[in-house]
Number of protein chains: 2
Amino acid sequence: MKQFERLFEPRSIAVVGVSEDAVRPGSQAVHTLLRNGYEGQIYPINPKYTTFEGLDCYPSIAAIEGDVDVAVIGIPARGVVSVIEDCARKRVPYAVVLSGGFRESGTEGIARQDRMLAVAREAGMRIVGPNCLGVANIHKDVYAAFGSITRPPKLRKGSVSLVTQSGGFGYSIALACARAAIGFRNVIATGNEADIDTIEFIDALLDDAQTKIIVAYIEGLANGRALLDLGRRALAAGKPLLVWKGAVTEQGARAAATHTANLTGSYDFYQAVFKQAGIIEIKEIHEAIDFIKAFEGQKFPRGRRVAVMGGSGGSAIVFADAAERSGLTLSTFSERTKHALAQVVPDIGAVHNPVDFTAGYIAGGNVGNFETAVQAVLSDSNVDAVCLNFATTAGAACLAGAQVLSALAEKTPKPLFVFLSTPPSETGNGLFVLEEAKIPVLGSPVRVAHAIAALAQYREARERNASMRNQSETADTPTIDPGGTLSEAESKAVLECAGISITRDVVVRGAEDVRFEELAPPLAVKIVSPDIHHKTEIGGVRLNVRTRAELETAIAEVLDNAHSLAPYARIDGVIVSEMVIEGFELIAGIVNDAVFGPVVVVGAGGIHAETLRDTTCRLAPFDERTARDMLDELKCRPILDGTRGKPALDVAAVARALAALSRLGWHNRATIAEVDINPLFALPSSAVAADALIVGRRAAQPPIGE
Amino acid sequence: MKQFERLFEPRSIAVVGVSEDAVRPGSQAVHTLLRNGYEGQIYPINPKYTTFEGLDCYPSIAAIEGDVDVAVIGIPARGVVSVIEDCARKRVPYAVVLSGGFRESGTEGIARQDRMLAVAREAGMRIVGPNCLGVANIHKDVYAAFGSITRPPKLRKGSVSLVTQSGGFGYSIALACARAAIGFRNVIATGNEADIDTIEFIDALLDDAQTKIIVAYIEGLANGRALLDLGRRALAAGKPLLVWKGAVTEQGARAAATHTANLTGSYDFYQAVFKQAGIIEIKEIHEAIDFIKAFEGQKFPRGRRVAVMGGSGGSAIVFADAAERSGLTLSTFSERTKHALAQVVPDIGAVHNPVDFTAGYIAGGNVGNFETAVQAVLSDSNVDAVCLNFATTAGAACLAGAQVLSALAEKTPKPLFVFLSTPPSETGNGLFVLEEAKIPVLGSPVRVAHAIAALAQYREARERNASMRNQSETADTPTIDPGGTLSEAESKAVLECAGISITRDVVVRGAEDVRFEELAPPLAVKIVSPDIHHKTEIGGVRLNVRTRAELETAIAEVLDNAHSLAPYARIDGVIVSEMVIEGFELIAGIVNDAVFGPVVVVGAGGIHAETLRDTTCRLAPFDERTARDMLDELKCRPILDGTRGKPALDVAAVARALAALSRLGWHNRATIAEVDINPLFALPSSAVAADALIVGRRAAQPPIGE
């Protein structure tokens, strides 16, 4: 861990704010360092004492003779800035400010936080917090922290690091993991993130050799796009990143707004990043436990084909249900596997998948047969992962079964999971043997299915990431600066330049300009004005125009309506478009988000668009394969393949259009605020934008993604 | 427990199949009875022994002098029928057949099961199993069982009864509950259900005064409709029924088919029953634990408005997210509550909802203030339930907080939940105090939200059930016997009789029969034939007919097409219908299911119908309020309220049509197999069936519901 090395492996820690009151944060920090045997220097600071808990106590930071790597500050907020100034003079590289009373507490606190930060920046000092529980390095017994992080039980050493924007909730995850025998490397509660934020900490952990898995609780990020880069770096490094995103609903976001005032960003966009970067989302505490156990096994399924074996038919059914709901499929065994199983599975059992070797099988003296059965299934090339339902298996049978699996696990590259409901004390040490063998033992078949699905998802993301082509090449992408809002005609011209097909249109001043015979009716007639964004509402649209006479009437009407209903609008003319009367209506667009930068959204169009919200999104830019993934997520996807005897539609063309749109948005992220293509028609052999609007971005601040 | 009293409280138990091999089921049963201190007579049976484990051992059932209330049979299948015959002669009222080798094992086993059942029926004996783990009455130390049910740890006594179609998985739920200190009354593994089935057991438990909550794991029911009646009876009795339905996906059902060969029935229909009968579905083992704890609290929220309080902002956000996802809303506090909170919550905290009394509040000497704060929130009439996030609170603070809540819980009728992540050993006895006070303590805020939602759902179902009017009155419902398939015209005539509006149609033999001037174009022209069910496919439909000339052509065409493409079809003429060109297309219908009887389905129609599967269903008959609930579940529901400036549609008329359809289906359940209304148009002031098909039922067996 190059970055933040002295923060996490300090040779000395000064603690400002120790007191006879053991509840005070500083006192807690010193007590914890002493209790846990921290090997560096501890400098308690309080001008009232000369010693504290047997240590020399100093009146101030300045009074310390040796170097101080970390200053832990736990005094009331009003005194913090002056201590930070002391630290700056002493050239302390890191301050961990536990105290509250900063940005989260109103105007005065905001000013205080700004002053503190200015002092630190000036001195090149880095700050953790304020308003945080602090940081710990479990391997090195470093606790620059207070509260739950410092209380028993002591976390065991392991390879998981936790970064959390909520000390209380984040440490709840750590405690639950600890009860499941999971060990930790670093625990980091980031508090207000005045200086070092979640992104920077995760970035540093990716370079920490001792950290193998990172768990983060995130309420909001100032730069959501950084999470995409970080996630991809984590993927490439082979370090799974598990994220619990809080504040994802309206009520949750409102609760967060009153809590730490983080910008939360749209949950849809976070989910897009999770997909693009192979970040595993967790939504329950036990998922953190299960997924960590799964990833600690270091084995990844090559696909989503799973086998389930056991003596409990009900457990197999429950697993099969959960597998299907998680996007896994039960493998079809090879004849060879079935033959091998038939030799060792009782006649009343089942040699297909689920394998039912009947209840009491192992206890009935079938240990050798059990090994043969599991080995046969593990060896089947149609099987990517195996769930063993031990269910209520207990005592000697549980131990014997565990020993078999433990031996097999050493030899197989496939993930093997056990569902076991027997209390630990009744497993005849079987649970211990399984845990030693790094075989995840989970409390329900549903949890096993979810964990296998998480592994599969991670592996798929790794492969996608490795094969992804660089999409920031923009040779074919126009550079534009729309300023305000472009008209339909202008917007479509941009799209066409970007490689997206548009309907055949002409823009005219009046009916006399139209060469009717060159157009294929039915036609749409729409007003063209930079000032009219909702054309329908002012009677600026006429559809299904079929004859020259109808066309003349329609053009006259939309012009009249615009003049009378939008008298101040500049009128550039009328656009006459060939209507698309087949295919399927999609909507597509770009939102240039303040937190995530340009994001491409696609969804089902038409009457259902608003109610069904059948949409998905990805951060731009992306390739056609990603665009296809997006389309695959839509509920309306089967319509694109042709339903009710209708022809299949050109999914590849839609994907090309989306990828082109993503490049357009990315390339012009400084100048485009929004692009709406509504509808984007999927047709049998093309994809065509029938209406479009491009809105310029006011360049108040640099775009996200610079 | 009148029903099955001697089964669950036997004065004597004979165990057939004891052996020196302790693993044999009979041996396990006797050992368990002895170990747990069963107070009745135990009669081990094996002609080889004179004593077994210090008890007199008998050569046969006949050799026993006293009465036998329950015979437990654990010998190989081939010997079971003869033992059942012995039991019949001895007038044993109940046999628990543990042995496998019956229906689940092929032809021979099926015959054996039938013979056994015939003997039992003849003698008036009732059978549990075969192929089951057996039954236990934890209160009376009765174990007519083997396997996991008989193994340590011994379940503690309590008020939960478990009925499971899978011994291994069902007992896994019991073991998990046991670790969470939940106590049990009866545990019943039903096995093959040759005689007594899940429905009958649950029915008996509803009459058992000691059973307060029933948990069932169900793979399939022969009579799904019985679950509706049972659920309603459970609702009326105030005994929550928690059901885990296994085999709900395609893969799960396939696994079940090979397992016990139960008819599984459609999961959609099970879910309909769950909604109609207030059955709480569980999909994870921890949900069983959480919901049991919630229901054991015996307090129900009056609505779905929840408050959340704590010192961990992150936990509050996570709760708010989960609450929204579970259909709960965060209460808006009264001014009085906010004022009361302002007196006791620190300035940097928050006095709205979530209440943030800041970390370390209780530890900081604020026990009295904490009580005032919680009391204020509990007293607010806008609050229906409260979640207290203790999160990592530990030691003395945890105990003090627990004592406050314990005292408040005694006085409030509102449910109070605690999220606590501190390990039990570090809670300073606080966990114990909370559990004593029946305050559910759950391991994540998400679990608290789900548990509150389950309570709310249960309370809503109770209210709905109490106010439901009897819908089997069918004065206005026609009695029909369609035989085969009715034509569109005939089908619509039936619907009209049943009170469902239909489009204005005439059936004619040729164009000369049409009085064109009496019809409002556009018109639809469709072939009428009892032999043609897919009119479009043979060119039997012409739409958008606007003039007399077009009509004549259309009629000639559909007749010609029918003659040439369906030469053997009987042609009754042509139906000319006024087309509905506004409103929203729904689909509605009846499926007379083999397991559930008549079920009404409604959903979004049109192009999205097949892909989006935006449908819901209820068992017929039902009232308009239920029909409205159905519509409220549809994703397309907002369209009915008018979107994009379109008028609101007549939801009440649609609900009336659905209720009428449900009465039609119920009243004619012996004769109707299927009704399809596609489309059913929702219009601004009516609901109109534009096409319909009624299919008769072949009366091979009495309909479900008799």
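What you see is a predicted model, and the numbers here were worked out from it, not measured in a lab. (Residues numbered from 1 in each chain as written. Chains lettered and ligands numbered in written order. Predicted model: local features only at pLDDT ≥ 70, side-chain atom pairs only at ≥ 80, totals over all residues.)

1. Structural notes on the overall build of chain A
Inference 1: On a plain count of helices and strands, chain A comes out with 22 helices and 30 strands.
Inference 2: Once the C-alpha set of chain A is aligned to its principal axes, its extents read approximately 100 × 80 × 40 Å.
Inference 3: Each of the 706 residues in chain A was classed as buried or not, and the buried ones make up 57%. (Helix = DSSP H or I, 4+ residues; strand = E, 2+ residues; numbered from the N terminus. Buried ≥ 20, exposed ≤ 12 C-beta atoms within 10 Å, placed from the backbone.)

2. Considering the interface of chain A and chain B
Inference 1: With 77 residues of chain A at the interface, the matching set in chain B holds 77 residues.
Inference 2: Listed by contribution, the elements that provide at least two residues to the side of chain A that touches chain B are α5 (167-179), α8 (250-257), α11 (313-325), α19 (609-612) and α21 (637-640) of chain A.
Inference 3: The element best represented in the side of chain A that touches chain B is α11 of chain A, accounting for eleven residues.
Inference 4: Taken together, the residues of the side of chain A that touches chain B break down into 33 nonpolar, 31 polar and 13 charged. (Contact = placed C-beta atoms within 7 Å. Nonpolar A, V, L, I, M, F, W, Y, C, P; charged D, E, K, R; others polar.)

3. A word on the pairing of strand β22 (residues 523-528) of chain A
All names here are of chain A.
Inference 1: Where burial is concerned, most of β22 is hidden: six out of the six residues are buried.
Inference 2: In β22, alternate side chains face the same way, and those of L523, V525 and I527 on one face and A524, K526 and V528 on the other are all buried.
Inference 3: With three bridges joining them, β22 and strand β23 (residues 541-545) adopt antiparallel strand pairing. In the sheet register, L523 faces β23, and the bridge partner there is V545.
Inference 4: Bridge count between β22 and strand β24 (residues 573-578): six bridges; the pairing is antiparallel. Each bridged residue has a counterpart across the sheet, and for V528 the counterpart in β24 is G573. (Pairing = 2+ DSSP bridges.)

4. A look at the pairing of strand β11 (residues 184-189) of chain A
Residues and elements named next belong to chain A.
Inference 1: Of all six residues in β11, six are buried; the element is thus mostly enclosed.
Inference 2: Here strand β8 (residues 134-137) pairs with β11 via four bridges, running antiparallel. Residue pairing for β11: N137 is matched across the bridge by N186.
Inference 3: Pairing of strand β10 (residues 157-164) with β11 involves five bridges; the strand directions are parallel. Bridge pairing links T164 to A189 in β11.
Inference 4: For the crossover that starts at β10, traverses α5 and ends in the parallel β11, the hand is right-handed. (Right-handed = clockwise from strand over helix to strand, strands pointing away.)

5. Topic: the sheet that holds strand β5 (residues 70-73) of chain A
All names here are of chain A.
Inference 1: Read across the open sheet, the five strands follow the order β2-β1-β5-β6-β7; overall the sheet is parallel. Both outer strands of the open sheet, β2 (41-45) and β7 (126-128), are each paired with one neighbouring strand and no more. Neighbouring strand axes in the sheet, compared pairwise and without regard to direction, differ in orientation by 20 degrees on average.
Inference 2: Alignment of strand β6 (residues 94-97) against β7, held across three bridges, turns out to be parallel. Each bridged residue has a counterpart across the sheet, and for A95 the counterpart in β7 is I127.
Inference 3: Across the sheet, helix α2 (residues 25-35) lies against β1 (12-16), β2 and β5, angled at about 150 degrees from β1, the strand it touches most. (Axes fitted to C-alpha atoms, helices over the stretch in contact; angles between N-to-C directions.)

6. Topic: the sheet that holds β22 of chain A
Residue and element names in this part refer to chain A.
Inference 1: The strand order across the open sheet formed by four strands is β21-β24-β22-β23, and the pairing between neighbours is antiparallel. Bordering the open sheet on either side are β21 (505-508) and β23, each of which pairs with just one other strand. Between one strand axis and the next, the sheet turns through 20 degrees on average, direction left out of account.
Inference 2: Along the sheet, helix α18 (residues 548-565) contacts β22, β23 and β24; its crossing angle with β22, the most-contacted strand, is approximately 25 degrees.

7. Quick look at the domain arrangement of chain A
Residue and element names in this part refer to chain A.
Inference 1: Per the domain assignment, the segments making up chain A are domain 1 (1-132), domain 2 (155-296), domain 3 (299-467), domain 4 (504-578) and domain 5 (584-696).
Inference 2: Centre-to-centre separation of domain 2 and domain 3, based on C-alpha positions: 30 Å.
Inference 3: Elements represented by at least two residues in the side of domain 2 that touches domain 3 include exactly α7 (224-237) and α10 (285-296).
Inference 4: Sorting elements by how many residues they give to the side of domain 2 that touches domain 3 places α10 first, with seven residues.
Inference 5: Split by residue class, the side of domain 2 that touches domain 3 holds seven nonpolar, two polar and five charged. (Domains from an automatic or database assignment.)

8. Considerations on the relation of the copies chain A and chain B
Inference 1: Least-squares fitting of chain A to chain B yields an RMSD of 0.1 Å, with the superposition described by an axial translation of 0.0 Å and a rotation of 180 degrees. When the rotation and shift are considered jointly, the pair of chain copies conforms to a two-fold rotation axis.
Inference 2: Most of the interface of chain A is mirrored in chain B, where 100% of its interface residues again form contacts. (Least-squares fit on C-alpha atoms with pLDDT ≥ 70 in both.)

9. A short note on the packing of α5 of chain A against α10 of chain A
Residue and element names in this part refer to chain A.
Inference 1: Orientation of α5 relative to α10, taken along the N-to-C sense of each, is 50 degrees, at an axis distance of 9 Å. By the angle between their axes, α5 is oblique relative to α10. Here the hand of the crossing between α5 and α10 comes out right-handed. Contact with α5, carried on its side by S172, I173, A176 and C177, involves I285, A288, I289 and I292 of α10 and no other residues of that element.
Inference 2: Tallied by class, residues from the contact of α5 with α10 come to seven nonpolar, one polar and no charged. (Parallel < 35°, antiparallel > 145°, perpendicular 65-115°, else oblique. Left-handed = near helix turned anticlockwise from the far one by under 90°.)

10. Description of the nonpolar core
Inference 1: Of all hydrophobic cores here, the largest spans 470 residues; its most connected members are V72 and A95 of chain A together with V72 and A95 of chain B.
Inference 2: Ignoring any residue separated from it by four or fewer positions in sequence, one finds V72 of chain A in contact with I13, A14, V15, V16, G26, A29, V96, L98, G134 and A144 of chain A. (Core = buried A, V, L, I, M, F, W, Y, C linked by C-beta atoms within 7 Å.)

11. A look at unusual backbone geometry
Inference 1: That bond from A620 of chain A to P621 of chain A is cis: its omega, -5 degrees, falls within 30 degrees of zero.
Inference 2: Here P621 of chain A shows up in the loop between β27 (615-619) and α20 (624-633).
Inference 3: For the peptide bond that leads from P152 of chain B to P153 of chain B, omega is 0 degrees, which places it in the cis range.
Inference 4: Tracing the sequence through the fold places P153 of chain B in the loop between β9 (142-145) and β10 (157-164).
Inference 5: In the Ramachandran plot, N544 of chain B falls in the positive-phi region, its phi being about 60 degrees despite a non-glycine side chain.
Inference 6: Residue placement: N544 of chain B occurs in strand β23 (residues 541-545).

12. Regarding helix α3 (residues 80-89) of chain B
Residues and elements named next belong to chain B.
Inference 1: When α3 is considered as a whole, its buried residues turn out to be V80, V83, I84, D86 and C87. Each buried residue of α3 sits inside an arc of 155 degrees when the element is viewed along its axis, so together they form one side.
Inference 2: Buried residues along α3 sit in contact with β1 (12-16), β5 (70-73), β6 (94-97) and α4 (107-123). (Arc of directions from axis to C-beta.)

13. Quick look at helix α12 (residues 335-344) of chain B
Residues and elements named next belong to chain B.
Inference 1: Considered for burial, the residues of α12 that qualify are T337, A340, L341 and V344. Down the axis of α12, the buried side of the element spans an arc of 100 degrees, and every buried residue falls inside it. In α12, the exposed positions angled more than 90 degrees off the buried face are occupied by E335, H339, A342 and Q343.
Inference 2: Taken together, the buried residues of α12 touch β17 (355-356) and α13 (367-379).

14. Focus: the packing of α20 of chain A against helix α22 (residues 651-667) of chain A
All names here are of chain A.
Inference 1: Where α20 contacts α22, the two axes come as close as 8 Å, and the packing angle between them is 115 degrees. Two packed elements cross with a definite hand, and for α20 against α22 that hand is right-handed. Taken together, the residues of α22 that come into contact with α20 (itself represented by E624, A627, R628, M630 and L631) are V651, V654, A655, R656, L658 and A659.
Inference 2: Residues that form the contact of α20 with α22 fall into these classes: eight nonpolar, no polar and three charged.

15. Quick word on the environment of K438 of chain A
All names here are of chain A.
Inference 1: Tracing the chain through its elements places K438 in the loop between α15 (430-436) and β20 (441-442).
Inference 2: Judged by C-beta crowding, with 15 C-beta atoms within 10 Å, K438 ranks as partly exposed.
Inference 3: Measuring from C-alpha to C-alpha, the distance between K438 and I282 comes to 21 Å, with 156 residues separating the pair along the chain.

16. Quick notes on the confidence of the model for chain A
Inference 1: Of all residues in chain A, 96% attain a pLDDT of 70 or more, and the chain-wide mean is 92.
Inference 2: Low pLDDT, under 50, characterises residues 259-264 of chain A; the predicted model gives this stretch 20 contacts beyond four residues in sequence or across chains. (pLDDT = per-residue confidence, 0-100.)

17. With respect to the environment of V16 of chain A
Inference 1: Among the structural elements, V16 of chain A can be located in strand β1.
Inference 2: In this structure, the C-alpha to C-alpha distance between V16 of chain A and G74 of chain A, residues 58 residues apart in sequence, is 6.0 Å.

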